[in-house]
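# A look at the structure
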Amino acid sequence: MVMELRLQFFAAEGPGGEKTEEPTAKKKQDTRKDGKVAKSKELSSGVELIALFLILKFWVGTMGSRFMKLFETIYGKIPEYTTYWEGMIHKMDYHILFKNVLIEILIELLPFFIIGVIIAVGINMLQFKFQISTKPLQPKFNKLNPVSGMKRLFSKDKLIELLKSILKVVLISWVVYSTIKDDWVYLLKFYDMPLNQVIELIGNIVINLGLKISCFFLIIAFADLAYQRYKFHNDIKMTKQEVKDEYKNAEGDPQIKGKIRQKMREVSQRRMMQDVPKADVVITNPTHFAVAIKYSPESNSAPIVLAKGADVLAQKIKEIARENHVEIVENKPLARMLYANVDIGQEVPPELYQAVAEVLAMVYKMQGKI
């Protein structure tokens, strides 16, 4: 019996196999532009919770007094919104009254909303650098794929989220139980206490309970933030093929660049060969090097190299020189020095003036110019 193995089901996702390479700077930048960052939602929630209960702890008394005063004010204004007829209530503009009450309540609660927005924005900016991106808002139709949906549903991330939720429920239950157990004696005496004292006691229990839960929530949040950063770093790692592709896109395909360089060399050589007939002399090492020299006192202070080459190219330079009746002089050390130290179009360096001048003088004497 032969069993067929489909190894593609075991292959790592993404081109090039397993993601083993550290993300490049460009990969990090592109990921950031896509709106993908390492952040913990738990941290934002935890800080917002602890800020809320701290504000309540230090401001709940003032807020309660202001709400009582607001209630008295609104209650005193009820006659202003009521129309009487023969001593009886004829009409009450309750919608106007309700609107005014709602506006006053919103004004009292406005500091909570402002502080909440500041904390939410501040915590997110502390986790990652602020940058506007619209890509997360774009529809992703691959998420409608039921197969991909099932994979996400039973993924490692979902399992970790489930474990976090269970941990939060267990911790919150333990905190609630331990707090209420300590205050159980006071709860049993509610029927003997005045209403204001009962409200104050319940408020203190709720606020203290909220602060304890928020502290535990923050511990979970910081652990989650460390995990999210670790996970995000692993998620944006690259395969070897992705690194190669990125290098090709950034620097250009090496094969194409090689062809471009070869083409440029060919163009440069053709231009160089066209200048050989203008030379005064070609200095050679018979089998290896050839350097074409020209001296124009009107335009240059020293002789310049019009062309140079080695091996096959050197033979080509000598061939063109012969066809155009350019003198060829054998000087092995000078040919080697000129080829190694002077680029095409450059002047001969001062340390070679004497040697080049002797060769030119000999050529000019042979041609009857001196």
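Preceding block: the structure.
Calculation criteria
Here the residue numbering is sequential within each chain, running from 1 through the sequence in written order. This being a predicted model, a pLDDT of at least 70 is required before a residue's local features are given, and a value of 80 or more before pairs of side-chain atoms are given or counted; all residues contribute to the totals for chains, interfaces and linings. Hydrogens and water molecules were not included; the side-chain quantities draw on all heavy atoms of the structure. Strands here are runs of E lasting at least two residues and helices are runs of H or I lasting at least four, both read from the DSSP assignment and numbered beginning at the N terminus. Expected helix span is taken as 1.5 Å per residue step, with the number of steps being one fewer than the number of residues. Note on classification: 1.4 Å probe, protein chains only; a residue is buried when its accessible area is under 20% of the maximum for its type, exposed when over 50%, partly exposed between these limits. What the arc covers is the set of directions going from the helix axis to the C-beta atoms. The salt bridge criterion pairs a side-chain nitrogen of Lys or Arg with a carboxyl oxygen of Asp or Glu, the two atoms within 4 Å. Any two strands with at least two DSSP-identified bridges between them are counted as paired. Cavity means a closed set of points on a 1 Å grid over the protein atoms alone, one where a 1.4 Å probe fits but cannot get out, pocket means an open set with protein on both sides within 12 Å along at least 5 of 7 lines, and lining means a residue has an atom within 4 Å of a point. Grid points are joined across faces, edges and corners, and a volume is the space filled by probe spheres set on the points. Classes in brief: Ala, Val, Leu, Ile, Met, Phe, Trp, Tyr, Cys and Pro nonpolar; Asp, Glu, Lys and Arg charged; the others, Gly included, polar.

## Brief notes about helix α12 (residues 353-366)
For α12, which comprises 14 residues, the first-to-last C-alpha distance of 20 Å matches the rise-based estimate of 20 Å (1.5 Å per residue) to within 8%. Residues V356, V359, L360, V363 and Y364 constitute the buried set of α12. Down the axis of α12, the smallest arc covering the buried residues is 135°, so these residues share one side. Set apart from the buried face of α12 by more than 90 degrees, the exposed residues are Q354, K365 and M366. Two residues or fewer past α12, G368 is found with a positive phi of approximately 75°.

## Some points on the pattern of salt bridges
Counted by the stated rule, this structure contains three salt bridges. D224 is the salt-bridge partner of K164, the closest N and O atoms lying 2.7 Å from each other. Highlighted residues: K164 in helix α5 (residues 156-182) and D224 in helix α7 (residues 195-235), separated in sequence by 60 residues. D224 carries the same exposure label as K164, and that label is buried. Here K278 makes a salt bridge to D275, at a shortest N to O gap of 3.4 Å.

## Describing the pairing of strand β4 (residues 289-294)
Judged by how many residues are buried, β4 sits mostly within the fold: five of six residues are covered. Where strand β3 (residues 281-285) and β4 come together, five bridges link them in antiparallel fashion. Following the sheet pairing, V281 is matched in β4 by I293. Linking β3 back to β4 in an antiparallel pair, the connection comprises three residues. Note that β4 and strand β5 (residues 304-310) share six bridges and pair antiparallel. What sits directly across from V291, in β5, is K308.

## Concerning empty space enclosed by the protein
The tally for this structure, following the rule as stated, stands at one cavity of 30 Å³ or more. Computed from the structure, the largest cavity encloses a volume of approximately 40 Å³. Along the walls of the largest cavity sit K168, L171, I172, I213, F216, F217 and I220, which together make up its complete lining. Counting residues per element, the ones that place at least two in the lining of the largest cavity are α5 and α7. Among the elements that take part in the lining of the largest cavity, α7 stands out by supplying four residues, more than any other. Per-class residue counts for the lining of the largest cavity are six nonpolar, no polar and one charged.

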